[in-house]
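# Structural overview for review
Read off the chains here:
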Amino acid sequence: MQVSNAFEFQARRLTRLAAVATLSAVLAACGSSVKLEDAAPVADRSSNGLAGSNGSAGANGVGQRGISGVQADAFKAGQAPANVERVVYFDFDSYAVRPEFNGLIDGHAKFLSGNSQRRVNLEGHTDERGGREYNLALGQKRAEAVRLALAVSGVSDSQLEAVSFGKEKPAAQGSGEEAWAQNRRVELTYR
């Protein structure tokens, strides 16, 4: 009887060790040398400044920052806000949202805040330089930087999904700075 119990104990122990070894191997294969813990630099713009002092846009529909208001009720499923670009571009090897895209972020934030049922994919892309894993990680960091900028502007996190395509879906073909600059981007795709 004791031999049987000892055998069962050893069998369970070996099974656990095999499971731990398998899990460790899977996690090691998913690893990357790119640090994703670094937070993307984003300015706090929680008061978005689109409204005038009385809470509405000015007579011409333009708020304090010179951004046109967005018509929230005139959209069909999948449509983005009118008159607002849908692409944020990045510098080489960077995931910092450039200040020139603050208006774009504010326009989408206003639209999404006014339409809580709307969802948007933030699709991170890179140029062709660098390895596949590195570019997937950089594309994800870019998408997360835009997600964070929208969240800081008041958009619910449940409305945002950040994904990376790395270098797999270039906007422009070619190997030169002009093509590379078009490929370093995050596209906002409404669903």
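Located above this text is the structure these notes cover.
Report follows, based on the coordinates. Everything quoted here is computed from the prediction, not taken from an experiment.

This brings us to the sheet that holds strand S3 (residues 160-166). Taken together, the four strands give an open sheet; going across it, the order is S1-S4-S2-S3, and neighbouring strands pair in mixed fashion. The sheet terminates laterally at strand S1 (87-89) and S3, the two strands that pair on one side only. Between one strand and the next, the sheet's axes are offset by a mean angle of 20 degrees, whatever the strand orientation. Sitting on the sheet, helix H2 (residues 102-114) touches S1, strand S2 (120-125), S3 and strand S4 (185-190), and the angle it makes with S4 is about 20 degrees.

What follows concerns the pairing of S2. A large share of S2 lies buried, amounting to six of its six residues. Across six bridges, the pairing between S2 and S3 is parallel. For His125, the partnering residue across the bridge sits in S3 and is Gly166. Alignment of S2 against S4, held across five bridges, turns out to be antiparallel. Bridged to Asn121 within S4 is Thr189.

Taking 1.5 Å per residue, 13 residues should reach 18 Å; H2 reaches 18 Å between its end C-alpha atoms and fits that length. Residues of H2 that are buried include every one of Leu104, Ile105, Asp106, Gly107, His108, Ala109, Phe111 and Leu112, and no others. The secondary structure elements touched by the buried residues of H2 are S1, S2, helix H3 (132-152), S3 and S4.

This part takes up the pattern of salt bridges. Taken as a whole and judged by the stated rule, the model has nine salt bridges. For Asp91, the salt bridge goes to Arg98, with nearest N and O atoms at 2.8 Å. Given the relative accessible area of 38%, Asp91 is considered partly exposed.

What follows covers H3. Counted at 1.5 Å a residue, the expected span for H3 with its 21 residues is 30 Å, and the 30 Å between its end C-alpha atoms agrees. When H3 is considered as a whole, its buried residues turn out to be Asn135, Ala137, Leu138, Gly139, Lys141, Arg142, Ala143, Ala145, Val146, Ala149 and Leu150. Contacts made by the buried residues of H3 are with S1, H2, S2, S3 and S4.

Moving on: the packing of aromatic side chains. By the definition in use, this model includes two aromatic pairs. Look at Tyr89 and Phe101: their rings are 6.3 Å apart centre to centre, the planes differ by 50 degrees, and that puts the pair in the tilted class. Of this pair, Tyr89 sits in strand S1 while Phe101 sits in the loop between S1 and H2, placing them twelve residues apart in sequence. Looking at Phe101, the relative accessible area reads 10%, which means it is buried. Summarising the aromatic geometry, the rings of Phe111 and Tyr190 are spaced 5.4 Å apart at their centres and angled 80 degrees between planes, so their arrangement reads as edge-to-face. Highlighted residues: Phe111 in helix H2 and Tyr190 in strand S4, separated in sequence by 79 residues. Judged by its relative accessible area of 6%, Tyr190 is buried. Just above the ring of Phe165 sits the side chain of Lys169; from NZ or CZ to the centre is 4.2 Å.

The next point concerns the side chain of Thr126. Note on placement: Thr126 falls in the loop between S2 and H3. Accessibility expressed as a relative area gives 3% for Thr126, which makes it buried. Of the polar contacts made by the side chain of Thr126, one reaches the backbone nitrogen of Lys167; its length is 3.3 Å.

Scoring rules and cut-offs
Residues numbered from 1 in each chain as written. Predicted model: local features only at pLDDT ≥ 70, side-chain atom pairs only at ≥ 80, totals over all residues. Heavy atoms only, no water. Pairing = 2+ DSSP bridges. Helix = DSSP H or I, 4+ residues; strand = E, 2+ residues; numbered from the N terminus. Axes fitted to C-alpha atoms, helices over the stretch in contact; angles between N-to-C directions. Contact = heavy atoms within 4.5 Å. Buried < 20%, exposed > 50% of the residue type's maximum accessible area, 1.4 Å probe, protein only. Expected span 1.5 Å × (residues − 1). Salt bridge = Lys/Arg side-chain N within 4 Å of Asp/Glu carboxyl O. Phe/Tyr/Trp six-rings, centres within 6.5 Å; stacked < 30°, edge-to-face > 60°. Lys NZ or Arg CZ within 6 Å of the ring centre and 35° of its normal. Polar contact = N/O pair within 3.5 Å; in protein donor to acceptor, adjacent residues only side chain to side chain.

Functional significance is not addressed by these values, which are geometric in nature.
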